[in-house]
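Below, each chain spelled out in residue letters.
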Amino acid sequence: MIMTFLMRGKPARSCFWLLATCYYIFVVELCIFTVQLLEAKVTFLVIFHLLFLLCVWCYLRTVMTPPAVPPEKFRPSESDKQLYLSDERPQVLQEILIRTAKDLPIYTKDPKGDVRYCATCQVLKPDRCHHCPVCNVCILKLDHHCVFLNNCVGFSNYKFFLLCLTYAMLLCIFTSAVSLHFSILFWTHQLPNSPSKVPIIVLFCLTTIFSIILFLFSLGHFELALTNGTSREDNDETAEENNPYNLGFRKNLREVFGNEKKYWFLPIFSSLGDGFSFPMGEATEDKEKNAAIAKPPSESPSQFKL
Ligand SMILES: [Zn+2]
Ligand SMILES: [Zn+2]
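Residues numbered from 1 in each chain as written. Chains lettered and ligands numbered in written order. Predicted model: local features only at pLDDT ≥ 70, side-chain atom pairs only at ≥ 80, totals over all residues.

Keep this limit in mind: UniProt positions are given in the numbering used here, feature names are shortened, and annotations may be inferred rather than shown by experiment.
An unreviewed UniProt entry lists the protein chain under the name Palmitoyltransferase, from Xenopus laevis. Entered under Sequence similarities (unreviewed entry) in the UniProt record, the comment concerning the protein chain runs "Belongs to the DHHC palmitoyltransferase family." Checking UniProt for the protein chain, the heading Subcellular location (unreviewed entry) contains the comment "Membrane".

### Regarding the overall build of the protein chain
Cut-off, in case you're wondering: By the criteria applied, helices consist of DSSP H or I runs no shorter than four residues and strands consist of E runs no shorter than two, each listed in order from the N terminus. Two residues qualify as being in contact provided that their C-beta atoms, derived from the backbone, are within 7 Å of each other.
Along the backbone of the protein chain there are eleven helices and six strands. Pairs at least 24 residues apart make up 64% of the contacts formed inside the protein chain by residues separated by at least 6 positions.

### What about the UniProt feature "transmembrane region" (unreviewed entry) in the protein chain?
According to UniProt, the feature "transmembrane region" (unreviewed entry) maps to residues 16–36, 42–60, 160–188 and 200–222 in the numbering used here. In residues 160–188, helix accounts for 97% and strand for 0%; the two terminal C-alpha atoms are 42 Å from one another. For residues 200–222, the helix share is 100%, the strand share is 0%, and the end-to-end C-alpha distance is 31 Å.

### Some words on helix 3 (residues 38–64)
Spelled out, the test is: One fewer than the residue count of a helix, multiplied by 1.5 Å, yields its expected span. With C-beta atoms placed from the backbone, the exposure class of a residue follows from how many other C-beta atoms lie within 10 Å of its own: 20 or more, buried; 12 or fewer, exposed; in between, partly exposed.
Between the first and last C-alpha of helix 3 there are 38 Å, a value that for 27 residues agrees with the 39 Å anticipated at 1.5 Å per step. Taken together, the buried positions of helix 3 are L51, F52, L54, C55, C58, Y59, R61, T62 and V63.

### Some points on the nonpolar core
Quick note on the threshold: Only buried Ala, Val, Leu, Ile, Met, Phe, Trp, Tyr and Cys residues enter a nonpolar core, and they are joined through C-beta atoms within 7 Å. All domain edges in this entry derive from an automatic or database-based domain assignment.
Within the largest apolar cluster, 47 residues are counted, with the highest numbers of intra-cluster contacts made by C55, C58, I139, C164, Y167 and A168. If you list the elements that add at least two residues to this core, you get helix 3, strand 2 (123–124), strand 4 (137–139), strand 6 (151–153), helix 6 (158–187), helix 7 (197–226) and helix 10 (249–257). For this core, the element with the most residues is helix 6, which contributes twelve residues. Among the domains, domain 1 (2–68 + 148–293) and domain 2 (72–125) are the pair contributing at least three residues each to this core. Here Y167 is in contact with L51, L54, C55 and C58, once residues within four sequence places are set aside. Counting nine residues, the second largest nonpolar core, distinct from the first, contains I25, F26, F182 and I200.

### Topic: helix 7
End to end, helix 7 covers 42 Å across 30 residues, agreeing with the expected 44 Å (1.5 Å per residue, within 8%). All of the buried residues along helix 7 are P199, I200, L203, F204, T207, F210, S211, L214, H221, L224 and A225. Two residues or fewer after helix 7 comes N228, characterised by a positive phi angle close to 55°.

### Remarks on the confidence of the model for the protein chain
Convention followed: What pLDDT conveys is the predictor's confidence in a given residue, as a value from 0 to 100.
Residues of the protein chain with pLDDT of at least 70 account for 87%, and the chain-wide mean is 86. Contacts from residues 288–306, a stretch scored under 50 in pLDDT, to residues over four places away or in other chains number 42 contacts.

### Side note on the environment of V56
Relative to the helices and strands, V56 is located in helix 3. Along the sequence, V56 and C164 sit 108 residues apart, while their C-alpha atoms lie 7.7 Å from each other.

### A word on the packing of helix 6 against helix 7
Counted only if it meets this: To obtain each axis, a line is fitted to C-alpha atoms, and for helices this fit is confined to the stretch in contact; angles are then taken between N-to-C directions over 0 to 180 degrees. Small angles under 35 degrees read as roughly parallel and large ones over 145 as roughly antiparallel, with 65 to 115 read as roughly perpendicular and the rest as oblique. Helix crossings get a hand from a simple test, with the near helix turned counterclockwise from the far one by less than a right angle marking a left-handed crossing and a clockwise turn marking a right-handed one. Any residue that is not Ala, Val, Leu, Ile, Met, Phe, Trp, Tyr, Cys, Pro, Asp, Glu, Lys or Arg is counted as polar, Gly included; the first ten are nonpolar and the last four charged.
Where helix 6 meets helix 7, the axes come as close as 7 Å, and the angle between the chain directions of the two elements is 150°. Considering their axes alone, helix 6 and helix 7 lie roughly antiparallel with respect to each other. Judged by the sense of rotation from one axis to the other, the crossing of helix 6 with helix 7 is left-handed. The residue inventory of the contact of helix 6 with helix 7, partitioned by class, reads 18 nonpolar, ten polar and one charged.

### A few points about the environment of H131
If you trace the backbone, H131 turns up in strand 3 (residues 130–132). With 19 C-beta atoms packed within 10 Å, H131 lands in the partly exposed category. For the pair H131 and C118, spaced 13 residues apart in the sequence, the C-alpha separation amounts to 7.3 Å.

### Brief notes about the environment of F215
Position of F215 among the secondary structure elements: in helix 7. Exposure remark for F215: the 14 C-beta atoms within 10 Å place this residue in the partly exposed category. Note: C-alpha distance between F215 and A168 (47 residues apart in sequence) is 9.5 Å.

What follows is the structure in structure tokens.
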């Protein structure tokens, strides 16, 4: 079942084979065939597999955690839904939505100042919730739809995604450093030529490229986590400048990683909140004012990043 999940989608499949190749070169060609010292062999294999297992665990949690969708209370009643479908006058439609949203924690309006409603999911959109055209569902605190994960990254799996990026980056940096060391030994003839030489140099090149890419992605995403932003909101300059959810970097990180330190580095859900209501910064206490600030960017499907 896991394999079926992994093999869905071409980018994910290409990544899988590339990673399998790197795994083989590091474990077999480098550690088993090339490293002579037993202590070095064991140290390399232990560190590599520790990071590898953490990375795979975070990856599977990110991929297999279903995106969080708005709860039932955001769904208009059957009678309101029928009314909404039967009447086409914009004012009447808005009145129905305003009535439904009355007791809900919804402060974000669309650019016209109307309550946001998804006609496909037939649900009122909570703050920071957006419809993903690929998954065809409204997702709480949507960050982006990831083609490599074949899943949406949002409230339910954002922590797992950040950890996956971090462990993947550390794994690549570690592999790159070890393979660089042995590439230099081959290059300077301190190690005799062997069939492992070329694969190890290839491994160094691949993991260095991955390290740089993952470093840049991690930097971008941790910058967002530190300011309590999302990739989606980051594309909207107005929302970025006046981000009402920014609580200061410590609290922002706790929103994603939770209060219990023992869970910070493990892909166990510990994010704070419910995904549909969010504390706002002290500087912007007036939620109505925030509502005007926190306009969502247009619902264009152009947010498909990593
Ligand atoms: Zn929707
Ligand atoms: Zn999606």
